[in-house]
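# Structural overview for review
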Amino acid sequence: MKNLLSLLLPLALALSLAACGEKSADEAARQTPPTLTVTSANACSVTLKSSSYDWTYTQGLQSMTDIACGAHPLDENCRDITPVLEMPFTVSAAYFYTVTLDFGDNSPDSASLRCWPSDAWGSTGMPSETVTAQQQDNGTFRAELPQSDGIFAVDALWDGSSATYTFCTQAEGSEELHPGAVLSIGESEDIRKIDISWRSGSVNIYAAEQSAQISVKEESTAPLAESEKMVCAIDGDTLRIRFLGDAYRGSYDGEKYLDVGLPRELVSAGHFEEIKVETTDAYTIVGADVSGRIKLSTVGGDARVMGATCPTVEIETVSGSVGVVDGTWGEIELSTVSGVIELAGEAENAEIETASGKVESPARSARWTSKASVVT
């Protein structure tokens, strides 16, 4: 019996010490704010530690408080050490960038974000925009950021404690950002897709003679402030053009006229694979051959593809008119609620949908379905 007890006693002592070790480690973790993982919609994430906090915790039978005063989120010295979260690049004016905030098993009672534009480094007196984070059933928080590129501070509150976490964001794959009213995009052979988001005015995409590079030009009836100018970005093989920068979404409500010239030599060689344009009520016209797809989407603006060859053409509008004329196409999908649809040219297959609109001059050898009247 004594031998058995002598064997069991060290074992019990070892288990007791292990349990105490686990408890001590857990207590140690509770003595500082939890790490925060921020995840973007494209599944990229960063893990953050708080450098500024007022933290209350229990040690034994005592209540302890630690205070740390870190640098301001915009401190110039923090520019190169602030974690960067990659965001999905988008040009849709209606898009918000959703992130998930995960504090692990120590979720706060509430969380919010302060945000500044990406060029605010060093401007510690600049006021911030506040974004509320909504707590989810699993304890995480979700927030919709107002821009893809910016500087953000997460302020989290617990009962008697608070902590701040800082990160910045950048558009995924964005290599070059061009603000300005008139510009040319070099190295056009690397660009195979055009993606445009525009509000009002017009968008004209054409094959430019005697040009070796893509040219982008916007005009307005009145002089434009810097915040009112378009923004272009090269995202891999895609040239993206936005009506305004993310930080200035609501700063300009006038009309602007966009011209995009594609080198004739590259157009003729079938170099460009896709042209996609999304507008609110701008008039859009595409007059360049595309080897893959032309996709136009608008609410109230007219949209036309003229004198172009393309395997697939998709045009969708609510009240605008649609035209696909003087060209050769494979698959055509045209949709409008109340606008006029004009289809004249060679097409292998055409699908036309409209509620109360009018269809004119359907293409030869085309299959289509429509509730509207047809004029031949």
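Residues numbered from 1 in each chain as written. Predicted model: local features only at pLDDT ≥ 70, side-chain atom pairs only at ≥ 80, totals over all residues. Heavy atoms only, no water.

Looking only at helices and strands, the chain has two helices and 29 strands in total. Relative to its 376 residues, the chain shows a buried fraction of 42%. Partitioning the intrachain contacts of the chain with sequence separation of at least 6 by distance along the chain shows that 51% fall at a separation of at least 24. (Helix = DSSP H or I, 4+ residues; strand = E, 2+ residues; numbered from the N terminus. Buried < 20%, exposed > 50% of the residue type's maximum accessible area, 1.4 Å probe, protein only. Contact = heavy atoms within 4.5 Å.)

Once that is clear, we can look at the side chain of Glu-228. Tracing the backbone through its elements, the reader meets Glu-228 in the loop between strand E17 (214-219) and strand E18 (231-235). Non-local contacts of Glu-228, meaning those with residues more than four positions away in its chain, are made with Glu-218, Pro-223, Phe-243, Leu-244, Ser-251, Tyr-252 and Lys-256.

Picture the strands of a sheet paired through backbone hydrogen bonds; they go either parallel or antiparallel. Spatially, the five strands line up as an open sheet ordered E2-E1-E6-E10-E9, and their pairing is antiparallel. Of all the strands in the sheet, just strand E2 (45-48) and strand E9 (134-135) have a single pairing partner and so form its edges. Note that strand E6 (residues 97-102) and strand E10 (residues 141-145) share five bridges and pair antiparallel. Bridging from a neighbouring strand, Thr-98 pairs with Glu-144 of E10. (Pairing = 2+ DSSP bridges.)

The next subject is a negative patch on the surface. A cluster of acidic residues, Glu-331, Glu-333, Glu-348, Glu-351 and Glu-353, forms a negative patch on the protein surface. At the level of elements, strand E26 (322-336) and strand E27 (340-354) are the ones that each hand at least two residues to the negative patch. Note that Glu-353 resides in strand E27. The class for Glu-353 is partly exposed, based on a relative accessible area of 49%. (Patch = residues over 30% accessible without salt bridge, like charges linked within 9 Å, V, L, I, M, F, W, Y side chains within 5 Å. Areas by Shrake-Rupley, 256 points an atom, 1.4 Å probe, with all protein chains shown as cover. Salt bridge = Lys/Arg side-chain N within 4 Å of Asp/Glu carboxyl O. Lys, Arg positive; Asp, Glu negative; His and termini not counted. Charge placed at Lys NZ, Arg CZ, Asp CG, Glu CD.)

Where strand E1 (residues 36-40) and E6 come together, four bridges link them in antiparallel fashion. The residue bridging Thr-37 from the neighbouring strand is Asp-102, located in E6.

On to the packing of aromatic side chains. How two aromatic rings sit relative to each other is set out by the distance from centre to centre and by the angle between their planes. This model, assessed by the stated rule, comprises seven aromatic pairs. Where Phe-103 meets Trp-158, the ring centres are 6.0 Å apart and the plane angle is 90°; that geometry is what we call edge-to-face. Of this pair, Phe-103 sits in the loop between E6 and strand E7 (110-117) while Trp-158 sits in strand E11 (residues 150-158), placing them 55 residues apart in sequence. Of the two residues, Phe-103 and Trp-158, neither departs from the other in class, the shared state being buried. Seen in terms of ring centroids, Phe-103 and Tyr-165 are 5.8 Å apart; in terms of plane orientation they differ by 70°. Their pairing is edge-to-face. Taken together, the residues span a long stretch of sequence, with Phe-103 in the loop between E6 and E7 and Tyr-165 in strand E12 (residues 161-171) at a distance of 62 residues. For Phe-103, a relative accessible area of 2% puts it in the buried group. Residue classification places Tyr-165 among the buried positions, given a relative accessible area of 0%. (Phe/Tyr/Trp six-rings, centres within 6.5 Å; stacked < 30°, edge-to-face > 60°.)

Per-residue pLDDT for the chain averages 83, and the proportion of residues at 70 or more is 82%. Confidence drops under pLDDT 50 across residues 15-23; counting only partners more than four residues distant or on other chains, this segment forms zero contacts. Of the regions scoring below 50 in pLDDT, residues 90-95 engages in 18 contacts with residues more than four places distant in sequence or in other chains. (pLDDT = per-residue confidence, 0-100.)

Turning our eyes to something else, we now look at the pairing of strand E16 (residues 201-208). The buried count for E16 comes to six of eight residues, which makes it a mostly enclosed element. Inspection of the sheet shows E16 paired to strand E20 (residues 256-263) by eight bridges, in the parallel sense. Within E20, the residue paired with Val-203 across the bridge is Leu-258. Sheet analysis places E16 next to strand E22 (residues 283-287), joined by five bridges and oriented parallel. Across the sheet, residue Tyr-206 finds its bridge partner in E22, namely Gly-287.

Another point: the environment of Asp-155. By the element assignment, Asp-155 lies in strand E11. Sequence-distant contacts of Asp-155, that is, excluding residues within four places in its chain, are made with Ser-110, Ala-111, Ser-112, Arg-114, Ala-163 and Thr-164. Only 2.9 Å separates the side chain of Asp-155 from the side chain of Thr-164, close enough to count as a polar contact. (Polar contact = N/O pair within 3.5 Å; in protein donor to acceptor, adjacent residues only side chain to side chain.)

Right, let's talk about the environment of Leu-244 for a bit. Looking at the element boundaries, Leu-244 is found in the loop between strand E19 (238-242) and E20. Using a relative accessible area of 7% as the deciding quantity, one classes Leu-244 as buried. Distance from Leu-244 to Ser-227, taken between C-alpha atoms, is 7.3 Å for residues 17 residues apart in sequence.

In terms of nonpolar packing, the biggest core is built from 50 residues, with Ile-196, Ile-214, Val-216, Leu-239, Ile-241 and Leu-262 touching the most fellow members. Once residues within four sequence positions are removed from consideration, Leu-262 is found in contact with Ile-194, Ile-205, Tyr-206, Ala-207, Ala-208, Ile-214, Val-267, Phe-272, Ile-275 and Ala-288. Within the second largest apolar cluster, 28 residues are counted, among which are Leu-48, Tyr-57, Met-87 and Val-131. (Core = buried A, V, L, I, M, F, W, Y, C linked by side-chain atoms within 4.5 Å.)

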